Amino acid sequence: MVYLFCGLFGSVLIAAVVTPLFRKDDSLESAIIEETEWDLLQRKKEVVLSNIQDLDFEYKCGKLSDEDYKQIRGQMGSEAASVFRHIDEIESTQDLDALIRREINLRRNRSAADAQVKCTACGVTNPTFNKFCAECGAKLKT
Ligand SMILES: [Zn+2]
């Protein structure tokens, strides 16, 4: 039981530490559109859901008694439900246009990251991380 709580607490901590590392960094556009409560809730939703997944997994492995499982699963379930409800509330009351604009900007940043570089020798486009042309083997200028 104690181990379980440590494990859960640990995974929440790890998630809290690791998630910011994977966030898009400060391009101008994403800096303008600041993080909203909605973003936080989205991240919380992911954490809660992955915790439930972990719990289910541990239960299936036989590390938990039925009682413990039911109790913790119930708590997590109601936590997840409240996060979902909260997200719904925000989406129904907030400026959806702002959310859409945000998503578009994120996508735009992403496709900039997937930019292509054109081979000067044969004209084939290659991803920017290629050092040599995939088609003709010429060195690519980046
Ligand atoms: Zn080439």
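Rules used in this analysis
Residues numbered from 1 in each chain as written. Predicted model: local features only at pLDDT ≥ 70, side-chain atom pairs only at ≥ 80, totals over all residues. Helix = DSSP H or I, 4+ residues; strand = E, 2+ residues; numbered from the N terminus. Expected span 1.5 Å × (residues − 1). Buried ≥ 20, exposed ≤ 12 C-beta atoms within 10 Å, placed from the backbone. Axes fitted to C-alpha atoms, helices over the stretch in contact; angles between N-to-C directions. Parallel < 35°, antiparallel > 145°, perpendicular 65-115°, else oblique. Left-handed = near helix turned anticlockwise from the far one by under 90°. Contact = placed C-beta atoms within 7 Å. Nonpolar A, V, L, I, M, F, W, Y, C, P; charged D, E, K, R; others polar.

Colleague: Looking at this structure, I do not really get helix α4 (residues 66-93). What am I missing?
Modeller: Owing to its 3.6 residues per turn, the α-helix brings residues three or four apart onto one side. Compared with an ideal rise of 1.5 Å per residue, which puts 28 residues at 40 Å, α4 spans 40 Å between its outermost C-alpha atoms and is within 8% of the ideal. For α4, the buried fraction is low: 2 of the 28 residues fall into the buried class.

Colleague: Would you mind showing me how to read the packing of helix α3 (residues 37-60) against α4 here?
Modeller: Two measures define how a pair of helices packs: the angle their axes make with one another and the distance between the axes. Contact geometry of α3 with α4 gives a least axis separation of 10 Å together with a crossing angle of 160 degrees. As the angle between them shows, α3 and α4 are arranged roughly antiparallel. Here the hand of the crossing between α3 and α4 comes out left-handed. Between α3, through E37, W38, L41, K44, K45, V48, L49, N51, I52, L55 and Y59, and α4, the contact on the second element is made entirely by Y69, I72, R73, M76, E79, A80, V83, H86, I87 and I90. Split by residue class, the contact of α3 with α4 holds 14 nonpolar, 2 polar and 5 charged.

Colleague: Just to check I follow, could you spell out the environment of C133 for this structure?
Modeller: Inspection of the secondary structure assignment puts C133 in the segment after β2 (125-127). Apart from the residues lying within four places of it in its own chain, the contact partners of C133 are C119, A121, C122, V124, N126, A138 and L140.

Colleague: Explanation requested: α3 in the structure shown.
Modeller: For α3, built from 24 residues, the straight-helix expectation of 34 Å at 1.5 Å per residue is met to within 8% by its first-to-last C-alpha distance of 34 Å. Downstream of α3 by a residue or two, G62 has a phi angle that is positive, lying close to 80 degrees.

The values are spatial; any link to function lies outside them.
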